[in-house]
Amino acid sequence: MKKYLIYLFFSFILSQNAPVSDPGLDQIVMLGASVQLDGSGSFDLDGDDLTYEWVSPDNITLLDATSFNPSFIASDNIDTLTFTLTVTDEGGLSSEEYP
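Being a predicted model, the structure only gives us computed values, none of them experimental.

(A) Structural view of the nonpolar core. Counting residues in each nonpolar core, the largest one holds 12 residues, listed as V35, L37, L50, Y52, W54, I60, L62, F72, A74, F83, L85 and V87. Among the secondary structure elements, those contributing two or more residues to this core are strand 2 (50-55) and strand 4 (84-89). Residue contributions to this core peak at 3 residues, all from strand 2. Setting aside its immediate chain neighbours within four residues, W54 contacts P23, L37, D38, G39, L62, A65, S67, F68, P70, F83, T84 and L85.

And the structure:
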């Protein structure tokens, strides 16, 4: 029994874990305002460095879409926008797209 528990413990430690993406809180912004997204809550259980990839709606251009905190200018039209954040660790494992 002890050998089995030790094996499970080492398997957990030695295995690679996919990172977790956290695109931050929903925001309500003024029309035409500068908006900053915040993926700084993303993390990797293994402590690996992360790369970031944000995907925006077609009518929005993100500045520095590969950073954890890209920005954009909100349109002059009332709209609900959805952005997707995927983070990838040094081992090439990626988070599930969120949302």
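(B) Up close: the side chain of D44. Within the secondary structure, D44 sits in the loop between strand 1 (34-36) and strand 2. Side-chain polar atoms of D44 contact the backbone nitrogen of D46, separated by 3.0 Å. Within the structure, D44 has its side chain in polar contact with the backbone nitrogen of D48 (distance 3.1 Å). Among all residues touching D44, those that are not within four sequence positions of it are N17, A18, P19, L50 and D89.

(C) Structural view of the packing of aromatic side chains. Enumeration over the complete set of coordinates arrives at 2 aromatic pairs. Aromatic pair Y52 and F68: ring centres 6.2 Å apart, planes at 55°, arrangement tilted. Placement of Y52 in strand 2 and of F68 in the loop between strand 2 and strand 3 (71-73) is noted, with a sequence separation of 16 residues between them. A relative accessible area of 17% means that Y52 is categorised as buried. Here F72 and F83 contribute two aromatic rings whose centre-to-centre distance is 5.0 Å and whose plane-to-plane angle is 35°, an arrangement assigned as tilted. Of this pair, F72 sits in strand 3 while F83 sits in the loop between strand 3 and strand 4, and the two are 11 residues apart along the sequence.

Thresholds applied
- Residues numbered from 1 in each chain as written.
- Predicted model: local features only at pLDDT ≥ 70, side-chain atom pairs only at ≥ 80, totals over all residues.
- Heavy atoms only, no water.
- Core = buried A, V, L, I, M, F, W, Y, C linked by side-chain atoms within 4.5 Å.
- Buried < 20%, exposed > 50% of the residue type's maximum accessible area, 1.4 Å probe, protein only.
- Helix = DSSP H or I, 4+ residues; strand = E, 2+ residues; numbered from the N terminus.
- Contact = heavy atoms within 4.5 Å.
- Polar contact = N/O pair within 3.5 Å; in protein donor to acceptor, adjacent residues only side chain to side chain.
- Phe/Tyr/Trp six-rings, centres within 6.5 Å; stacked < 30°, edge-to-face > 60°.

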